[in-house]
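# Overview (structure and organization)
For reference, the chains in residue letters:
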Amino acid sequence: MCTLQKRGNIFILTLAGDDQHRLNPTLISTLRSHLSQAKAQSTRGSALLTLAQGKFFSNGFDLDWAEKTAGPSGSARDKLLEMVELFRPVVADLMDLPMPTVAAVTGHAAAAGMVLALSHDHVLMRRDRGIMYMSEVDIGLTLPDYFSTFFRAKVASPAARRNVLLNGMKVKAEDAVAMGLIDSAHDDGEKTVEAAMQLAEKLGKRKWDGVVYSEIRKSLYPELCGLVGLDGTGTTTSRL
Ligand SMILES: CCCCCCCCCCCCC/C=C/C(=O)SCCNC(=O)CCNC(=O)[C@H](O)C(C)(C)COP(=O)(O)OP(=O)(O)OC[C@H]1O[C@@H](n2cnc3c(N)ncnc32)[C@H](O)[C@@H]1OP(=O)(O)O
């Protein structure tokens, strides 16, 4: 389950409950609905803060759902591919959101859950618990095209990409900072959310034009934007 609240100019998207926040069609649909609502209500000064309750930020796609719903004729693989395609627009929605975005990684972020976290402009993570982990190599799954492109776009270091995607490295917050995956590590979940909220408020105070902000963001990742269905040319509605 996830909720959207507004505190001042900050939209707070919470992956609620103490489950694994597995990304299945229901949670993906709710995420998209809340992101659409934040977009519709955005003004100069808006910012998004995404956080989670419990031990997990998100443990990735819901493989149990894929198995349970596959039924005798279909295959779990087809259901997994269905989630891959349903999640593609979530990355697009975050790339296109007309406001700065901040993720407070308050628990484990695995596979699609790690992509969800890193789809934010700024990523803060607790150092005491929780890892970032691309488990696909360990569980025998290839990467969707937009996942591979995502990591090439978002992670500068070839060694970091190799360690995360080919070595299945379980990355703690301090290492994630050193590898250029995230921005900062914080003592515990509460301090991570506190720091993330302060950053969101600080960014909001710049009162940027949201459309210009999102166009500049997309211009940084043209290949990724193309793969998730966005026009990544960065054409702005410039006043010039
Ligand atoms: C050629 C054909 C191929 C087929 C191709 C088919 C293609 C079809 C499409 C493919 C799509 C691919 C894309 C898929 C995306 C997905 O999302 S698939 C779903 C992926 N999800 C997963 O695989 C789940 C991965 N998660 C896990 O493995 C675990 O949940 C976890 C994240 C590793 C957490 O495990 P858990 O045991 O629950 O962890 P903890 O108990 O919390 O911690 C383990 C120990 O580590 C200690 N610890 C944790 N954090 C920290 C820290 N920050 N610092 C120090 N120590 C930490 C913790 O204390 C534990 O220690 P012990 O207590 O001593 O055990």
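Rules used in this analysis
Residues numbered from 1 in each chain as written. Predicted model: local features only at pLDDT ≥ 70, side-chain atom pairs only at ≥ 80, totals over all residues. Heavy atoms only, no water. UniProt positions renumbered as here; feature names shortened; annotations may be inferred. Helix = DSSP H or I, 4+ residues; strand = E, 2+ residues; numbered from the N terminus. Rg over C-alpha atoms; globule rule 2.2 N^0.38 Å. Buried < 20%, exposed > 50% of the residue type's maximum accessible area, 1.4 Å probe, protein only. Contact = heavy atoms within 4.5 Å. Lys, Arg positive; Asp, Glu negative; His and termini not counted. Charge placed at Lys NZ, Arg CZ, Asp CG, Glu CD. Pairing = 2+ DSSP bridges. Near = heavy atom within 4 Å. Polar contact = N/O pair within 3.5 Å; in protein donor to acceptor, adjacent residues only side chain to side chain. Nonpolar A, V, L, I, M, F, W, Y, C, P; charged D, E, K, R; others polar. Axes fitted to C-alpha atoms, helices over the stretch in contact; angles between N-to-C directions. Parallel < 35°, antiparallel > 145°, perpendicular 65-115°, else oblique. Left-handed = near helix turned anticlockwise from the far one by under 90°. Expected span 1.5 Å × (residues − 1).

In the annotation of an unreviewed UniProt entry, the entry for the protein chain reads Delta(3)-Delta(2)-enoyl-CoA isomerase, and the organism field reads Daucus carota subsp. sativus. As recorded by UniProt, the Pathway (unreviewed entry) comment attached to the protein chain reads in full: "Lipid metabolism; fatty acid beta-oxidation." According to the UniProt record, the Sequence similarities (unreviewed entry) comment for the protein chain reads "Belongs to the enoyl-CoA hydratase/isomerase family."

If you tally the helices and strands in the protein chain, you get 11 helices and 10 strands. For 240 residues, the compact-globule formula gives about 18 Å, and the C-alpha radius of gyration of the protein chain, at 17 Å, lands near that figure. If one aligns the C-alpha atoms of the protein chain with their principal axes, the spans along those axes are about 55 × 40 × 35 Å. Considering the protein chain as a whole, with its 240 residues, one finds that 52% of them fall into the buried category. For the protein chain, restricting intrachain contacts to residue pairs at least 6 apart in sequence, the fraction spanning at least 24 positions comes to 71%. If the 28 positive side-chain charges of the protein chain are averaged to one point and the 27 negative ones to another, these points end up 4 Å apart.

Our focus in this paragraph is the sheet that holds strand S9 (residues 170-171). Read from one edge to the other, the open sheet built from 4 strands follows the order S4-S6-S8-S9, with strand pairing classed as mixed. Each edge of the sheet is formed by a strand with only one pairing partner; in this case those strands are strand S4 (56-58) and S9.

A word on the site of the ligand. Neighbouring residues of the ligand: 29 residues in total, closest Asn 59, Phe 61, His 108, Gly 130 and Ser 135. Asn 59 has a polar side-chain atom sitting 2.9 Å from a nitrogen atom of the ligand. Ranked by residues supplied to the shell around the ligand, first place goes to helix H3 (residues 76-96) with 4 residues. Looking at the shell around the ligand, its residues break down into 14 nonpolar, 7 polar and 8 charged.

Before going further, it helps to examine the sheet that holds strand S3 (residues 47-52). Taken in spatial order, the 6 strands make up an open sheet running S1-S2-S3-S5-S7-S10, and their pairing is mixed. At either end of the open sheet lies a strand with only one pairing partner, and these are strand S1 (2-7) and strand S10 (184-186). Adjacent strand axes in the sheet meet at a mean angle of 20° when their direction is disregarded. Two elements, S1 and strand S2 (residues 10-15), share 6 bridges in a ladder whose sense is antiparallel.

Moving on, we come to the packing of helix H1 (residues 25-41) against H3. Packing of H1 against H3 leaves a shortest axis separation of 10 Å and a crossing angle of 20°. The pairing of H1 with H3 is recorded here as roughly parallel in orientation. Between H1 and H3 the crossing geometry is left-handed. Note on element contacts: H3 touches H1 through Glu 82, Met 83, Leu 86, Phe 87, Pro 89, Val 90, Asp 93, Leu 94 and Asp 96, opposite Pro 25, Ile 28, Arg 32, Leu 35 and Lys 39. Each residue belonging to the contact of H1 with H3 can be placed in one class, and the counts come to 9 nonpolar, no polar and 5 charged.

On to H1, then. The periodicity of an α-helix, 3.6 residues per turn, causes residues three or four positions apart to be oriented the same way. End to end, H1 covers 24 Å across 17 residues, agreeing with the expected 24 Å (1.5 Å per residue, within 8%). Here H1 has its buried residues at Pro 25, Leu 27, Ile 28, Leu 31, His 34, Leu 35 and Ala 38. Turning to H1, the residues buried within the fold contact S1, S2, S3, helix H2 (63-70), H3 and helix H4 (112-118).

Examined against the element boundaries, Met 83 turns out to sit in helix H3. Judged by relative accessible area, which is 0%, Met 83 ranks as buried. In the structure, Met 83 is positioned 98 residues away from Leu 181 in sequence and 24 Å away in space, judged by C-alpha atoms. Not counting residues within four places of it along the chain, the set of residues in contact with Met 83 comprises Leu 23, Asn 24, Pro 25, Ile 28, Phe 61, Asp 62, Trp 65 and Ala 66.

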